[in-house]
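Report on the structure
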Amino acid sequence: MKTPDAYAALIKELEAMGKLPAPDLLALVGAPANVRALDISGEAIEVELSVSWLKDTHDAVCIIGHARGPSTWHTEHLQESITVSIPSGVADGT
């Protein structure tokens, strides 16, 4: 896989999920990972995103993204994550 292109696509997917409204993002906490196949520079790349609480205080979530695709000798794997703060009162429904 063309690593710079795959990495750029992974970051774009992470940022898009991170911009979701807090209630929509919270609905993804603990849900099965979102897995999509993307065509990146003519290659099939799998992008997987999952959301979990960053810590027990429930004031931020961590979005972890993986990109996997073909390489010359093996499957290449990229991983990156972002942290998104949750506004006070949103996590507990107030």
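The structure contained in this document is the topic of the report that follows. In this text, all values refer to a predicted model and were calculated from it rather than measured experimentally.

Structural notes on the environment of Leu-10
Relative to the helices and strands, Leu-10 is located in helix H1 (residues 3-18). Its relative accessible area of 0% is what places Leu-10 among the buried residues. Separated by 61 residues in the primary sequence, Leu-10 and Ser-71 have C-alpha atoms spaced 17 Å apart. Not counting residues up to four positions away in its chain, the partners in contact with Leu-10 are Val-47, Leu-49, Gly-65, His-66, Ala-67, Leu-78, Gln-79 and Glu-80.

Structural notes on H1
With 16 residues, H1 extends 22 Å between its outermost C-alpha atoms, agreeing within 8% with the 22 Å of an ideal straight helix rising 1.5 Å per residue. Buried within H1 are the following residues: Ala-6, Ala-9, Leu-10, Glu-13, Leu-14, Met-17 and Gly-18. Turning to H1, the residues buried within the fold contact helix H2 (22-26), strand S1 (34-40), strand S2 (43-53), strand S3 (60-70) and strand S4 (75-85).

Concerning the sheet that holds S3
Taken in spatial order, the 4 strands line up as S1-S2-S3-S4 in an open sheet, and their pairing is antiparallel. The strands lining the two open edges of the sheet, one partner per strand, are S1 and S4. Mean inter-strand twist for the sheet, computed between neighbouring axes without regard to direction, equals 20°. Bridging between S3 and S4 involves 11 bridges; their strand directions are antiparallel. Counted as the bridge partner of Cys-62 is Thr-83 from S4.

Quick look at unusual backbone geometry
In this structure, Ser-41 takes a positive phi of about 55° despite not being glycine. Position of Ser-41 among the secondary structure elements: in the loop between S1 and S2.

A look at the pattern of salt bridges
On inspection of all chains with the given rule, the structure shows 3 salt bridges. Between Arg-36 and Glu-13 there is a salt bridge, and its shortest N-O distance comes to 3.4 Å. Pair noted here: Arg-36 is in strand S1 and Glu-13 is in helix H1, with a separation of 23 residues, a long-range link. Since its relative accessible area comes to 39%, Arg-36 is described here as partly exposed. Bridged by salt links that share partners, the residues Glu-46, Glu-48 and Arg-68 form one connected network.

Observations concerning the nonpolar core
In terms of nonpolar packing, the biggest core is built from 20 residues, with Leu-10, Leu-25, Val-61 and Ile-63 touching the most fellow members. Counting only elements with at least two residues in this core, the list comes to H1, H2, S1, S2, S3 and S4. Ranked by the residues each element gives to this core, the list is headed by H1, at 5 residues.

Regarding the pairing of S3
Here S3 lies mainly inside the structure; 8 of its 11 residues are buried. Across 8 bridges, the pairing between S2 and S3 is antiparallel. Counterpart to Val-51 in the pairing with S3 is Ile-63. Linkage of S2 to S3, two consecutive antiparallel strands, is achieved through a turn of 6 residues, within which His-58 is found at a positive phi near 55°.

Thresholds applied
- Residues numbered from 1 in each chain as written.
- Predicted model: local features only at pLDDT ≥ 70, side-chain atom pairs only at ≥ 80, totals over all residues.
- Heavy atoms only, no water.
- Helix = DSSP H or I, 4+ residues; strand = E, 2+ residues; numbered from the N terminus.
- Buried < 20%, exposed > 50% of the residue type's maximum accessible area, 1.4 Å probe, protein only.
- Contact = heavy atoms within 4.5 Å.
- Expected span 1.5 Å × (residues − 1).
- Pairing = 2+ DSSP bridges.
- Axes fitted to C-alpha atoms, helices over the stretch in contact; angles between N-to-C directions.
- Salt bridge = Lys/Arg side-chain N within 4 Å of Asp/Glu carboxyl O.
- Core = buried A, V, L, I, M, F, W, Y, C linked by side-chain atoms within 4.5 Å.

The analysis is restricted to geometry; functional conclusions fall outside its scope.
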